[in-house]
Amino acid sequence: MPKTFPTPKLVIFDCDGVLVDSEPVSNQAMADNLTRHGLPLTAEQSMQHFVGGTMAGVMQKARGLGANLPDNWIDEIYTETFARLRQGVPLTPGVPELLARLDAQGIPVCVASNGSEEKMRITLGQNGLWERFHPNAMFSAHSLGVAKPEPGLFLAAASHFGVQARDCLVIEDSGSGVTAAVRAGMRCLAFAPQGGGRKLAALGAELFSDMAEVPALLSI
C-alpha cells in the first residue's frame, strides 16, 4: 500500500520553476552571459549546472569551469536577467487552480526562494501573486541570510506560521531545494514536468509532473 500522509498545515512553494516558469528565460540569460565571459553554454547546460543555487555559488562554480568573471558579475547578471524576465514570465500551468484548492481547504501557503524579493516582485508581480505573498508569506534567502540547501529558509517559514516542520509540505524543483526540505524534516514533492527527476527522487522527494496531481497527493 502507498504511504499515506496527514493533510499539511502549511504548503511552501519554491518560486522559480514551481510557481512561475522562469527557468528557461533566466538560464538563457545566464548562458548568454557566461558564453560572453569565456564559458560557452546552452540554456540547458546552464540549468544542469546552476538551477537551485545561490548567485554567489553560481559565480564560484562558473569560475571553476573556466569563466572569466569580473568582481561585479553578480550585479551584472542580475541586471541582464531581470531585463529578460520583465519581458514576460508565465505562471506554471495549474498553479491558480492549485492555490484556489488550497484556499478552499483553509491550508496556508507561502513562497520560499533563494532568489531576491526584487526578482519575485518582477515574476510574481506580472501574474497577480506578489500581493498575495508579500510581505507576510514570502521568504527570501537574500533577506534572511540563509539559503537552500540549508534548511533555515523553510524552518523560518514554518516558525512564522506556527507550524511544526513535520506538518509542512514543500513543493520544489531543484536538488538544493529538496535537500533543504529533507534536512528540515518536511515532506517534499518535486515538480519534474519534463520527466526525469531521478536525482530529486534519490534525494528524498516524491515526483510529480503536473500541478493537477497535487491535490490527490495531499488528499484534499
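As shown above, the structure is provided for reference.
These numbers were taken from a predicted model, which means no experiment stands behind them.

Draft legend 1. Up close: the nonpolar core. In terms of nonpolar packing, the biggest core is built from 73 residues, with Ile12, Phe13, Leu34, Leu124 and Ile171 touching the most fellow members. Per-element accounting of this core gives the leading share, 5 residues, to helix H4 (residues 73-85). Setting aside chain neighbours within four positions, we find phenylalanine 13 in contact with Val18, Leu19, Leu98, Leu99, Leu102, Val109, Cys110, Val111, Ala112 and Ile171.

Draft legend 2. Molecular detail of helix H6 (residues 117-125). Within the sequence span of H6, burial applies to Lys119, Met120, Ile122, Thr123 and Leu124. Against helix H1 (23-36), H4, strand S2 (109-113), helix H7 (130-133) and strand S3 (138-140) lie the buried residues of H6.

Draft legend 3. Inspection of helix H2 (residues 43-50) at higher detail. By the burial criterion, the buried members of H2 are Ala43, Ser46 and Phe50. Buried residues in H2, looked at end-on, bunch into an arc of 55°, giving them a common side. Exposed residues lying more than 90 degrees from the buried face of H2 are Glu44 and Gln48.

Draft legend 4. Molecular detail of unusual backbone geometry. The omega torsion of the bond from histidine 134 to proline 135 falls at 0°, within 30 degrees of zero and hence cis. As for its placement among the helices and strands, proline 135 is situated in the loop between H7 and S3. Between lysine 148 and the following residue, proline 149, the backbone shows a cis peptide bond with an omega angle of 20°. With respect to the element layout, proline 149 can be found in the loop between helix H8 (141-144) and helix H9 (152-161).

Draft legend 5. Layout of the environment of leucine 144. With respect to the helices and strands, the residue leucine 144 is situated in helix H8. Considering only alpha carbons, one finds leucine 144 and asparagine 114, 30 residues apart in sequence, at a separation of 9.8 Å. Those residues in contact with leucine 144, other than ones at most four positions away along the chain, are Phe139, Leu153 and Ala156.

Draft legend 6. Fine view of the sheet that holds strand S1 (residues 10-13). Taken together, the 6 strands give an open sheet; going across it, the order is S3-S2-S1-S4-S5-S6, and neighbouring strands pair in parallel fashion. Edge positions in the sheet fall to S3 and strand S6 (206-208), since each of these pairs with one other strand and no more. Within this sheet the neighbouring strands show an average axis-to-axis angle of 25°, counted without direction. Pairing analysis gives 3 bridges linking S2 to S3, with the strands arranged parallel.

Draft legend 7. Focus on the side chain of threonine 92. Examined against the element boundaries, threonine 92 turns out to sit in the loop between H4 and helix H5 (95-104). With a relative accessible area of 4%, threonine 92 lands in the buried category. Residue contacts for threonine 92: discarding those within four places in its chain leaves Gly17, Val18, Leu19, Val20, Asp21, Phe191 and Met211.

Draft legend 8. Up close: the packing of H1 against H2. Their axes nearest at 8 Å, the elements H1 and H2 cross at an angle of 100°. In terms of orientation, H1 lies roughly perpendicular with respect to H2. Residues Glu23, Asn27, Gln28, Met30, Ala31 and Leu34 of H1 form the contact with H2, whose own contacting residues are Ala43, Ser46, Met47 and Phe50. Here the residues of the contact of H1 with H2 sort into 6 nonpolar, 3 polar and 1 charged.

Reading the values: the criteria
Residues numbered from 1 in each chain as written. Predicted model: local features only at pLDDT ≥ 70, side-chain atom pairs only at ≥ 80, totals over all residues. Heavy atoms only, no water. Core = buried A, V, L, I, M, F, W, Y, C linked by side-chain atoms within 4.5 Å. Buried < 20%, exposed > 50% of the residue type's maximum accessible area, 1.4 Å probe, protein only. Helix = DSSP H or I, 4+ residues; strand = E, 2+ residues; numbered from the N terminus. Contact = heavy atoms within 4.5 Å. Arc of directions from axis to C-beta. Pairing = 2+ DSSP bridges. Axes fitted to C-alpha atoms, helices over the stretch in contact; angles between N-to-C directions. Parallel < 35°, antiparallel > 145°, perpendicular 65-115°, else oblique. Nonpolar A, V, L, I, M, F, W, Y, C, P; charged D, E, K, R; others polar.

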